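Residue-level structural notes
Residue strings, one per chain:
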Amino acid sequence: MRRRVAVTGLGVVTPFGHGVARLWAALEAGRSAARPITLFDTTSFPVQFACEVPGIDERAPGQRTRRFALDAAAEAWADAALPPGTVDPERIGVALAVGYTGLDSAWFADEIDFLGRWRGGEDGAALADAVWDALVPAHGGPETFGLFLRPETVVGEVARRCGAAGPGAMVMTSCPASAQAMATAAAAIRDGEADVMVTGGADSMVNFLGMAAFARMQALSRNNAEWETASRPYDRRRDGFVMGEGGGVVVLEAWESAVARGARIHAEWLGAALTCDAYRLSDEHPDGVAAIDAVRRALADAGVAPGDLGYVNAHGSSTPMNDRVETRVLHGALGDAARRLPVSSTKSMIGHLVHASAAVELVTTVVAMNRGVVPPTAHLRERDPQCDLDYVPVEARAHRFARALKTSFGFGGINAAVVLGAPA
Amino acid sequence: MTGVVVTGLGVVSPGGGDPAALAARLDAGTPAFAADAAGRPAGRVDADALPLDRYLPRKQRKLVSRVATFGIVAAGRAIETAGLRAAGLAPRDVGIFGAAGIRPGSDRLVARLRRAARVAADGPTAGRAWDVYTAVVDPMDLLVSMASSPADHTAVTNALRGATCTYIGRGSAALVALREAARRIARGEQRAMVVLASDSLLDAWWRRLAGATDGGLADAGRAGCVPAEGAAAVVLEAEPAARARGAAIHARLAGGATRLAPDGDVAEALGRAMRAARGAAAGAPLVLGCSNGAPARDRAERRAVDALFGAGTPIHATRRVVGELGAAGALLDVAVGAAALGAGRWPGGASLARGVLVNALGDEGFAAAVRLEAA
């Protein structure tokens, strides 16, 4: 049995604030959410800007990530407007991707300050114990610190709030993580194991250790002079991605039951595929062989031909390598159709939300499809000659379409592709 | 999960790498623990004895944490015992799903702290955070610490280009990965799937957190689980294809489910997962439970098993002899159960006629169960 899957709830927390409406208004206007970092002291730090979520008091990465997940889930759940008692709780599940919640920026500063005064020798266990004793009480105590070690508890929290007693899953990989979580959720509905799944992802890497890790790998833009426009996918002047944070959650539902209850159906989840480059841990395969396979498999799973697609919301990270390889992938997977398709990267405006990116971008794709407007690739002024598709530069474009592709690629050579359809 | 069978097994545990020997150890009640530096019991893998050269190219080793090597070796063994290389499958036909805890283990933490202590001792650190960071953290540390690292390395080493995903959680993640991998096979999307899980609870900070939040790790004079480290892996294939190529089939996946506990009643959630995994099968299978010595967990599992199969139904718990392997524990049980079903006997003579049920319960707030049967 293969059941159809409806998207009936949307929720986001993004660098433009809470809510889908706020996100869409900013994307349609081509605004940038990048700004100087306020969440940690950037003295001596090579990257001075990011896309921070405004209006959240929590500063510890684990607490921010948790808050993004819960708030995005709350909006999506409310949007789905599932009447209480209409679905058996055991048929409601949760599948989320939650990021490397990491240690607080202040923690690292305090840690090296403490270590500078440490005179206890190099006994590793004693050193670790001493750091724990000195820092944990001052950083929220074990419960707060526990989110670093056990971010998976967020799945349980979302389940409690939605009354979900069915299947659960938690994904932690790299950039495509929330696409993997959503694919897990969609499969549960499609195969009849659940009727409703709350799914998506949340992440906050705008902290010293999170950003330092990517900065050390030369993945982040260091264009501190032009921070507002530094995320410029497919532009020949691009020099890396801009870190963002946030959460995106969708409610997926069995098509028949969504129709039966008169739910507002935003879109249909038509198909998805995951593949692995099996090339290098840090790099994509330059020919994108497995990524091409992911797109082809997703289209086959969806029963959609390349020529039927009307829009691609691309991974478009603004790193020199990704944008070039992704262009190659779209050519390879879609053939002639690739040149006729509008392809845009909303990371140009909200940055890279890592574990949340695919989910937020999927929400964006759904809204774009329903409004008949393709969001732009902002800040694309000088196209890279090796990037030769229609990237919808700078300005949003009115464009009606009924089938869309969402791509996500990440470290470890992990590829994900999702195909969506307009409700019909 | 119709028609999905287990054709490859791999284990790295404090009690060694032979699933059948682990079952015998369990039957004999012989723990594989040693005292840690503080004199507390711990389940530690003899890492020096692992045949790393066989499964991990030397150039990749600097990108691998201790716990990731366990996963890579377990997966290598599973691929080897399945005869997957000789099966002639295309890279895109074989995928890999992983399960992990999120911490790369004490070795990385302690090494980083030691380096930081040396650098920080050079002078005031205020305003020097980036300088200290670049001095103590390798550019590749991000990749090393990724939860998906064991699956990613295994994919690279074995050219697995099919579906990939890594689930986290120190209880149920391995069974989530197993079920999702089985789904890929059952739908015909992949010809074979490698499922691996690796984890370590031998982490200084984890022990402190568990102690602080009454997580049940065994300290001197106190009841609780024995923290351990290790990994397990299995290879799944469609039964007709496995038979056609003459693969050794250990067991068939007969059912499985995960269940959330929105009201916090994990025993109830586990009971529901077990019921769903059992399906229409009658009677009590051999239960490979997740009881680990932590009183609250053991009571929850006992309550769930008694309610479903009758009071006093035996619970065989490998954690009694190898310790709590976190995310890897449930997959180790799958490997032990599948090996027993393949051999047609359980040490001590317990019946396998109704198959084996593997339970999992974790911090993530949900329970899972998988049922295996003889193929």
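Quick note: structure is the one above.
The following paragraphs examine the structure supplied in this document. (Residues numbered from 1 in each chain as written. Chains lettered and ligands numbered in written order. Predicted model: local features only at pLDDT ≥ 70, side-chain atom pairs only at ≥ 80, totals over all residues. Heavy atoms only, no water.)

Moving on, we get to the overall build of chain A. When helices and strands are counted, chain A shows 14 helices and 15 strands. A compact globule built from 424 residues should have a C-alpha radius of gyration of about 22 Å, and chain A, at 21 Å, falls within 12% of that. By the burial criterion, 70% of the 424 residues in chain A qualify as buried. Taking the contacts inside chain A whose residues are at least 6 apart along the sequence as the reference set, 79% of them involve residues at least 24 apart. Here chain A displays about 12,700 Å² of accessible surface, and carbon together with sulfur accounts for 50% of that area. Both charge centroids of chain A, one from 40 positive and one from 49 negative side chains, sit 6 Å from each other. (Helix = DSSP H or I, 4+ residues; strand = E, 2+ residues; numbered from the N terminus. Rg over C-alpha atoms; globule rule 2.2 N^0.38 Å. Buried < 20%, exposed > 50% of the residue type's maximum accessible area, 1.4 Å probe, protein only. Contact = heavy atoms within 4.5 Å. Areas by Shrake-Rupley, 256 points an atom, 1.4 Å probe, with all protein chains shown as cover. Lys, Arg positive; Asp, Glu negative; His and termini not counted. Charge placed at Lys NZ, Arg CZ, Asp CG, Glu CD.)

Attention shifts here to the interface of chain B and chain A. Facing the 71 residues of chain B at the interface are 85 residues of chain A. In total, chain B and chain A occlude about 7,000 Å² of area from one another, counting both sides; carbon and sulfur atoms represent 62% of this. It is W130, W205 and L260 of chain B in chain B that bury the most area against chain A; as a group they hold 11% of the surface buried on that side. The tally of links from chain B across to chain A stands at nine salt bridges. One salt bridge in this structure joins D191 of chain A and R183 of chain B, with 2.7 Å as the shortest N-O distance. Our count for the contact surface shared by chain B and chain A stands at 24 residue pairs in polar contact (both at pLDDT 80 or more). Listing elements by their share of the side of chain B that touches chain A, those giving two or more residues are helix 4 (106-120), helix 5 (129-136), helix 6 (141-145), helix 7 (149-158), strand 5 (164-168), helix 8 (173-186), helix 9 (204-212) and strand 8 (251-260) of chain B. (Buried area = accessible area lost by both parts, 1.4 Å probe. Salt bridge = Lys/Arg side-chain N within 4 Å of Asp/Glu carboxyl O. Polar contact = N/O pair within 3.5 Å; in protein donor to acceptor, adjacent residues only side chain to side chain.)

Residues and elements named next belong to chain A. Two numbers describe how helix 1 (residues 20-28) lies on helix 14 (residues 357-371): the axes approach to 11 Å, and their chain directions differ by 75 degrees. Between helix 1 and helix 14, the angle is such that the two are roughly perpendicular. From helix 1, V20, L23, W24 and L27 reach across to helix 14, where they touch V360, V363, T364, V367, A368 and R371. A class-by-class count of the residues in the contact of helix 1 with helix 14 yields eight nonpolar, one polar and one charged. (Axes fitted to C-alpha atoms, helices over the stretch in contact; angles between N-to-C directions. Parallel < 35°, antiparallel > 145°, perpendicular 65-115°, else oblique. Nonpolar A, V, L, I, M, F, W, Y, C, P; charged D, E, K, R; others polar.)

Within the structure shown, the criterion is met by 55 salt bridges over all chains. For D133 of chain A, the salt bridge identified is with R208 of chain B, shortest N-O distance 2.4 Å. Note that D133 of chain A is positioned in helix 4 (residues 124-135) and R208 of chain B in helix 9, a pairing that runs across two chains. Linked by salt bridges that have partners in common, R2, R190, D191, E193 and D301 of chain A together with R179, E180, R183, R184, R187 and E189 of chain B make up one network.

The next subject is the environment of D263 of chain B. All names here are of chain B. Position of D263 among the secondary structure elements: in the loop between strand 8 and helix 11 (266-278). Along the sequence, D263 and G365 sit 102 residues apart, while their C-alpha atoms lie 9.7 Å from each other. A distance of 3.1 Å separates a polar atom in the side chain of D263 from the backbone nitrogen of D265.

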